[in-house]
Structures are given as structure tokens and as C-alpha cells.
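Analysis of the macromolecular model
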Amino acid sequence: AARWDGLCPLVNDQQMSADDLREAMAFVRPLLPPGKAFDVLAYGGTSGTDAAADSAKVGAYRDAGATWWQESVAPDDTLAYIRERIRLGPPKLPDA
């Protein structure tokens, strides 16, 4: 990953915890050239209705090194649910 522009880590095709991401970044960071721009994708689900919990969740990934958050949907989520989740907007990051 250090040879490229970023990292999208997976653990057995499941969501990586913030601690797992922190561990992956501890491995990758020393391999990066100084000053190299490097994006890290984290993904998962947030409610869209519990701002504090959603903020805490994405904040933990940001603190672990994530630069992007991808809101996940499941194959069995309905179109109505996906549209509602989009309408609710992205989670807000807590102040660093």
C-alpha cells in the first residue's frame, strides 16, 4: 500500500475496528516516503439520527488515521432506506 496513494484495509471481508486500523497504519507509516500524501478509507454504518454516537464512531477512525469515511449499505437494504440515509446526510466529525 505504501507504494500507492492509499489504503482500504479489510479484515476477513468485514469492517475493521478503529484499533485494527491504528495497527495497520503503525505498520504502513514507516514505509511511506516523507511528505507523501496518503489516503486511508474506513467504512461502516452510522445511524444518521444519533449525532453523538455517529460522531464518536467516525472520530475514532479519523484518530486512527482514516482520511475518508464510506457509509456502507447492506445488499438487503431497501432503496427507501438508502434514500433516507442519504437524506440524513453524512456524520459530522468531532473537533480534533
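Look a little higher up for the structure.
These numbers were taken from a predicted model, which means no experiment stands behind them.

Attention now moves to the side chain of Asp54. Within the secondary structure, Asp54 sits in helix H2 (residues 51-64). No salt bridge forms around the buried Asp54; measuring N to O, its nearest opposite-charge neighbour Arg85 is 4.6 Å away. Among all residues touching Asp54, those that are not within four sequence positions of it are Thr46, Ser47, Gly48, Thr49 and Pro91.

Attention now moves to helix H3 (residues 79-88). Where burial is concerned, little of H3 is hidden: one out of the 10 residues are buried. Of the residues flanking the end of H3, it is Gly89, one or two places downstream, whose phi is positive at about 85°.

Taken as a whole and judged by the stated rule, the model has five salt bridges. A salt bridge links Arg62 to Asp63, with the nearest nitrogen and oxygen atoms 3.0 Å apart. You can call Arg62 partly exposed: its relative accessible area is 22%. Classification of Asp63 by relative accessible area gives exposed; the value is 52%. In this structure, the salt-bridge partner of Arg87 is Glu84, at a minimum N-O distance of 2.6 Å. Of this pair, Arg87 and Glu84 both sit in helix H3, three residues apart, which is roughly one turn of that helix.

Regions of empty space are outlined by a rolling probe, equal in size to a water molecule, passed over the atoms. Counted by the stated rule, this structure contains one cavity of 30 Å³ or more. Estimates place the volume of the largest cavity at around 40 Å³. As for the largest cavity, its lining consists of Pro9, Gln15, Met16, Leu21, Leu41, Ala42, Tyr43 and Tyr61. Grouping the constituent residues of the lining of the largest cavity by class yields seven nonpolar, one polar and no charged.

Right, let's get into the sheet that holds strand E1 (residues 6-7). Picture the strands of a sheet paired through backbone hydrogen bonds; they go either parallel or antiparallel. What the three strands build is an open sheet, ordered E1-E2-E3; its pairing is parallel. Each end of this open sheet is capped by a strand with a single partner; those strands are E1 and strand E3 (68-71). Strand direction decides the pairing type here: strand E2 (residues 39-44) and E3, joined by four bridges, are parallel. Each bridged residue has a counterpart across the sheet, and for Tyr43 the counterpart in E3 is Gln70.

The end-to-end C-alpha distance of H2 is 20 Å, a good match for the 20 Å that 14 residues give at a rise of 1.5 Å each. Burial in H2 covers these residues: Asp54, Ser55, Val58, Gly59, Tyr61 and Ala64. Contact partners of the buried residues in H2: helix H1 (18-28), E2 and E3. Count one or two residues on from H2 and you reach Gly65, which has phi positive near 125°.

Conventions and cut-offs
- Numbers given to residues run from 1 along each chain, matching the order in which its sequence is written.
- This being a predicted model, a pLDDT of at least 70 is required before a residue's local features are given, and a value of 80 or more before pairs of side-chain atoms are given or counted; all residues contribute to the totals for chains, interfaces and linings.
- No hydrogens and no water enter the side-chain calculation; it runs on all heavy atoms of the structure.
- The helix count covers DSSP runs of H or I at least four residues long, the strand count covers runs of E at least two residues long, and both are numbered beginning at the N terminus.
- Exposed residues in this analysis have more than 50% of their type's maximum accessible area, buried residues have under 20%, and partly exposed residues fall in between, with area computed by a 1.4 Å probe over protein chains only.
- Under this rule, positive means Lys or Arg and negative means Asp or Glu; His and the chain ends count for nothing.
- Salt bridges are defined by distance alone: a side-chain nitrogen of Lys or Arg within 4 Å of a carboxyl oxygen of Asp or Glu.
- The contact criterion used is simple: two residues touch if any of their non-hydrogen atoms lie within 4.5 Å.
- The definitions used throughout rest on a 1 Å grid laid over the protein atoms alone, on which a cavity is an enclosed set of points accommodating a 1.4 Å probe that cannot get out and a pocket is an open set flanked by protein within 12 Å on both sides along at least five of seven lines; lining residues are those having an atom within 4 Å of a point.
- Grid points are joined across faces, edges and corners, and a volume is the space filled by probe spheres set on the points.
- Lys, Arg, Asp and Glu make up the charged group, whereas Ala, Val, Leu, Ile, Met, Phe, Trp, Tyr, Cys and Pro make up the nonpolar group; the residues left over, Gly among them, are polar.
- Two strands pair under a simple rule: DSSP has to find at least two bridges between them.
- Here, expected helix span is obtained from the residue count minus one, scaled by 1.5 Å.

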